[in-house]
Amino acid sequence: MRKDTMAQTRRIPTDGLEQQVLEAGAGPLVLLIHGFPELAISWRDQVEALADAGFHAVAPDMRGYGGTGGPSRTEDHTILHLVGDMVDLVRALGRDRCVVVGHDWGAPVAWHCALMRPDLFTAVAGLSMPFQPRTRGGPPIAAMRRIGQKLGADLYIAAFQHPEAHAAYDDDPATALRKCFWSYDGTTPAADRSTGFLPPGVPMLDTISDRATLPPWLSGAHFQEYVDAFTAGGFKGPFDWYRNLDRNWDLTAWLQDARIRVPALFVVGEHDPVRHYAGRHEATLRDWAPDLRGPHVLPGAGHWLQQERPEEVNRLLLEFLRSL
């Protein structure tokens, strides 16, 4: 690997927020947006592969996470704030257009970047989470709770609404992270993989076996990077993304029935637990993103696609980028 394609960390002042990014390369800009509980380092393989292929790859620690951190108020973590952060990061990098890629919670942010600012985000790739259009029936949390009542279970997203739901994660970040990574990984036995649905009143971490180990792709040193970052920054900010889902619904009425008009890519792991509760949107994705390339389902893969299957994800991203 050339020295100029090795990922480096720096801090970039943007409006009201100093964003820590992992970046490499020069050329057309590609933003890589992480999800929960991830960081910019979740994209290290992609940053270096894209840089080696002639792109300027930039992965920020998102608002509420890692070296970026951010405001303490829950209401300052809406989808408008998250998209706005990416708009301002592009400006701070001196660019007027880029391709945006997101994984997990980062995928809805990426989809909304393309939906709200197609002039700036000229193509979009989502990993794990398909685009979910704004519902017509009212705010989503009540709907999630109704579904849970019918199933006799709580969807973890609804459980995360409790203002202290993050406390158990803060109490023992290493255990929390190990359980999260293990229970959503493709190599974990199917019986131990989370479905996202919890017995009523049982916290998510309590549903995951204490036998949880690090997945094969996660070295001890890489895991310690996560532990150190979440020990320092805590989990409240990341949980606040979930706590704004109803507020996001209120704020995006103007996007009702809007389509993503830029070229789009979708990649998901065959055994990604997210498919238990968001998979139905895969079937309608082309209706909402007419210029969809794919979708691609990676056999045997779980949730942490870009880290579980870096070579396959890099290949698909580069094929998509070169097709634009």
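Structure report, in brief. (Residues numbered from 1 in each chain as written. Predicted model: local features only at pLDDT ≥ 70, side-chain atom pairs only at ≥ 80, totals over all residues. Heavy atoms only, no water.)

The next point concerns the pairing of strand β5 (residues 98-103). With six of six residues buried, β5 lies mostly within the body of the structure. Burial of β5 is two-sided: the residues Cys98, Val100 and Gly102 facing one way and the residues Val99, Val101 and His103 facing the other way are all buried. As paired strands, strand β3 (residues 29-33) and β5 are joined by four bridges and run parallel to one another. Note on β5: the bridge partner recorded for Leu31 is Val100. Pairing between β5 and strand β6 (residues 121-127): six bridges, direction parallel. (Buried < 20%, exposed > 50% of the residue type's maximum accessible area, 1.4 Å probe, protein only. Helix = DSSP H or I, 4+ residues; strand = E, 2+ residues; numbered from the N terminus. Pairing = 2+ DSSP bridges.)

Looking now at the state of the cysteines. Evaluated as defined, the whole model comprises zero disulfides. Left unpaired, Cys113 is separated from the closest cysteine sulfur, that of Cys98, by 7.6 Å. Look at Cys113 and you get buried, because its relative accessible area is 0%. (Disulfide = S-S within 2.5 Å.)

The next thing to look at is the side chain of His103. Along the chain, His103 falls in strand β5. By relative accessible area, which is 0% here, His103 ends up buried. Non-local contacts of His103, meaning those with residues more than four positions away in its chain, are made with Ile33, His34, Gly35, Glu38, Trp43, Leu127, Ser128, His303, Trp304, Leu305 and Gln306. (Contact = heavy atoms within 4.5 Å.)

Another aspect to go through is the pattern of salt bridges. Two side chains with opposite charge may pair up if their charged atoms get near one another. By the definition in use, this model includes 17 salt bridges. Across the salt bridge formed by Asp85 and Arg63, the nearest N and O atoms sit 2.8 Å from each other. Residue Asp85 is found in helix α2 (residues 79-92), and its partner Arg63 is found in the loop between β4 (56-60) and α2; the two are separated by 22 residues along the sequence. When its relative accessible area of 6% is taken as the criterion, Asp85 is described as buried. Residues Arg309 and Glu312 are paired through a salt bridge, measuring 3.1 Å at the closest nitrogen-oxygen approach. Under the relative-accessibility criterion, Arg309 is labelled partly exposed at 22%. You can call Glu312 partly exposed: its relative accessible area is 26%. (Salt bridge = Lys/Arg side-chain N within 4 Å of Asp/Glu carboxyl O.)

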